[in-house]
Amino acid sequence: MLGRIMIVDAHLDLAYNAMLGRDLTLSLGALREQDPLTDRATVTFETLRRGGVGLCLGTLFAMPQDAAHPWGYEDWQGARAQAQRQLEQYLRWQDHGHVVLLTSGQEVVEHARRWSADTSPLGVVLLMEGADPLRAADDLPYWAGAGVRVIGPAWKRTRFAGGTGESGGLTERGEDLMVAMRELGVILDASHLAEEAFWQAINLQPKVIASHSNARAIVPTDRHLSADMLRAVAQLGGVTGCVLFNKFLRAGWERGDARLPLELVGEMLHHLAQEVGWDKVGLGSDLDGGFGVHELPRGLESAADLPRLAQLLPDEHREQVMGGNWLKWLGAQL
Ligand SMILES: [Zn+2]
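In short, a report on the structure. (Residues numbered from 1 in each chain as written. Predicted model: local features only at pLDDT ≥ 70, side-chain atom pairs only at ≥ 80, totals over all residues. Heavy atoms only, no water.)

### Structural notes on the overall build of the chain
Move 1: If you tally the helices and strands in the chain, you get 11 helices and 11 strands.
Move 2: A compact globule built from 334 residues would reach a C-alpha radius of gyration of about 20 Å, and the chain, at 18 Å, matches this within 12%.
Move 3: By its C-alpha atoms, the chain is 50 × 45 × 40 Å across when sized along the principal axes.
Move 4: Out of the 334 residues in the chain, the part that is buried amounts to 60%.
Move 5: A separation threshold of at least 6 residues defines the contact pool for the chain, and within that pool the share at least 24 residues apart is 70%.
Move 6: About 12,900 Å² of surface is accessible on the chain, with carbon and sulfur atoms providing 48% of the total. (Helix = DSSP H or I, 4+ residues; strand = E, 2+ residues; numbered from the N terminus. Rg over C-alpha atoms; globule rule 2.2 N^0.38 Å. Buried < 20%, exposed > 50% of the residue type's maximum accessible area, 1.4 Å probe, protein only. Contact = heavy atoms within 4.5 Å. Areas by Shrake-Rupley, 256 points an atom, 1.4 Å probe, with all protein chains shown as cover.)

Okay, here's the thing in structure tokens:
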């Protein structure tokens, strides 16, 4: 459908899924047969390859402890242990030729130039989602040295910032981290930041993206970005990635409801483009990021179906939104 266009997905929790026991090197059928999780899986290296996804922001995501995740972290050392394990997973995948970690704009450009859907490993830029694995700002050089190029300080509230469903600004530790990120050139991911923290953060570190956020105008919760926030990210040059979770595409949708039509993704992309322009919109699917196939629009049965989104886009903007905008941004800014 897309010919040789390389899709870029700005948000995939690959190593987190592996940490939960999913072997992404299996075929999708084999993974589903032995899946330890109840959500129906959609992402394997093979489905990404079939979908033409050549590059993603792959997360290091540490889960905090709550009723549903009693094994989650209680302190920064626990968060660090999870992130460390996930980092090692990406390195193992790299050793086996499934992924290649990219740490500079030049590496991204080279990867895209040489990319072949049939033979190339998946390019991965490491994104730390939730900064709790860092002790404090002075810990940033370690993670940057390990390849982390993007950090979203919050998920829910962290020791650094207010986050989704838990309002608040940057803490003092969070302010220090923003300054350290600016100095080391580590990109700010605004997704999940509480609004107060968002405005403080982009002031201190204006090199910003929103890896996986939709429009608050359509789904009015603090998980998404207001028109002002979307425009602020775009004015600083950043791209916003559209999430494909049904709950984030239509207000009021709940797990167990019928799957939504694929056209709603098109409506979200058009809305985002209206706010920020087609050159600042991309994909940040978050596939298998705490939801599975039943929580995706109809027509998306796995990552291999991502090319179907192209038909929802104006001809002249397809290539940009499916990957070109992210590639351009990463090539210039990473
Ligand atoms: Zn997220």
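### Describing the side chain of Ser191
Move 1: The topology assignment puts Ser191 in the loop between strand 8 (187–189) and helix 8 (195–204).
Move 2: For Ser191, a relative accessible area of 2% gives the class buried.
Move 3: Within the local environment of Ser191, its side chain forms a polar contact with the backbone nitrogen of His212, the two atoms lying 3.0 Å apart.
Move 4: Leave out the neighbours within four places in its chain, and Ser191 touches Ala154, Ile209, Ala210, Ser211, His212, Ser213 and Arg223. (Polar contact = N/O pair within 3.5 Å; in protein donor to acceptor, adjacent residues only side chain to side chain.)

### Here we look at the packing of helix 8 against helix 9 (residues 227–235)
Move 1: Their axes nearest at 12 Å, the elements helix 8 and helix 9 cross at an angle of 20°. Between helix 8 and helix 9, the crossing angle belongs to the class labelled roughly parallel. Where helix 8 crosses over helix 9, the two elements pack in a sense that is left-handed. Of helix 9, the residues touching helix 8 (which contributes Glu195, Phe198, Trp199 and Ile202) are Asp228, Met229, Ala232 and Val233.
Move 2: Partitioning the contact of helix 8 with helix 9 into residue classes produces 6 nonpolar, no polar and 2 charged. (Axes fitted to C-alpha atoms, helices over the stretch in contact; angles between N-to-C directions. Parallel < 35°, antiparallel > 145°, perpendicular 65-115°, else oblique. Left-handed = near helix turned anticlockwise from the far one by under 90°. Nonpolar A, V, L, I, M, F, W, Y, C, P; charged D, E, K, R; others polar.)

### Notes on the packing of aromatic side chains
Move 1: Under the criterion given, the structure shown has 8 aromatic pairs.
Move 2: When the ring of Tyr142 is compared with that of Trp143, the centres are 5.0 Å apart and the planes differ by 85°; the resulting orientation is edge-to-face.
Move 3: For Tyr142, a relative accessible area of 35% corresponds to the partly exposed category.
Move 4: Ring centres of Phe245 and Phe291 lie 4.2 Å apart, and the angle between their planes is 5°; on these two criteria the pair is classed as stacked. Of the two residues, Phe245 is situated in the loop between strand 10 (240–242) and helix 10 (263–276) and Phe291 in the loop between strand 11 (281–283) and helix 11 (318–333); the sequence distance between them amounts to 46 residues.
Move 5: Taking relative accessible area as the criterion, Phe245 reaches 8% and is therefore assigned buried.
Move 6: According to the relative accessible area criterion, Phe291 is buried, its value standing at 2%.
Move 7: Over the ring of Tyr142 we find Arg80, and its NZ or CZ is 5.0 Å from the ring centre. (Phe/Tyr/Trp six-rings, centres within 6.5 Å; stacked < 30°, edge-to-face > 60°. Lys NZ or Arg CZ within 6 Å of the ring centre and 35° of its normal.)

### Notes on unusual backbone geometry
Move 1: In this model, Asp286 sits at a positive phi of 65°, which is unusual for a non-glycine residue.
Move 2: As for its position among the elements, Asp286 is in the loop between strand 11 and helix 11.
Move 3: Look at Asp288: it is not a glycine, yet its phi comes out positive at around 65°.
Move 4: Take Asp288: it is sitting in the loop between strand 11 and helix 11.

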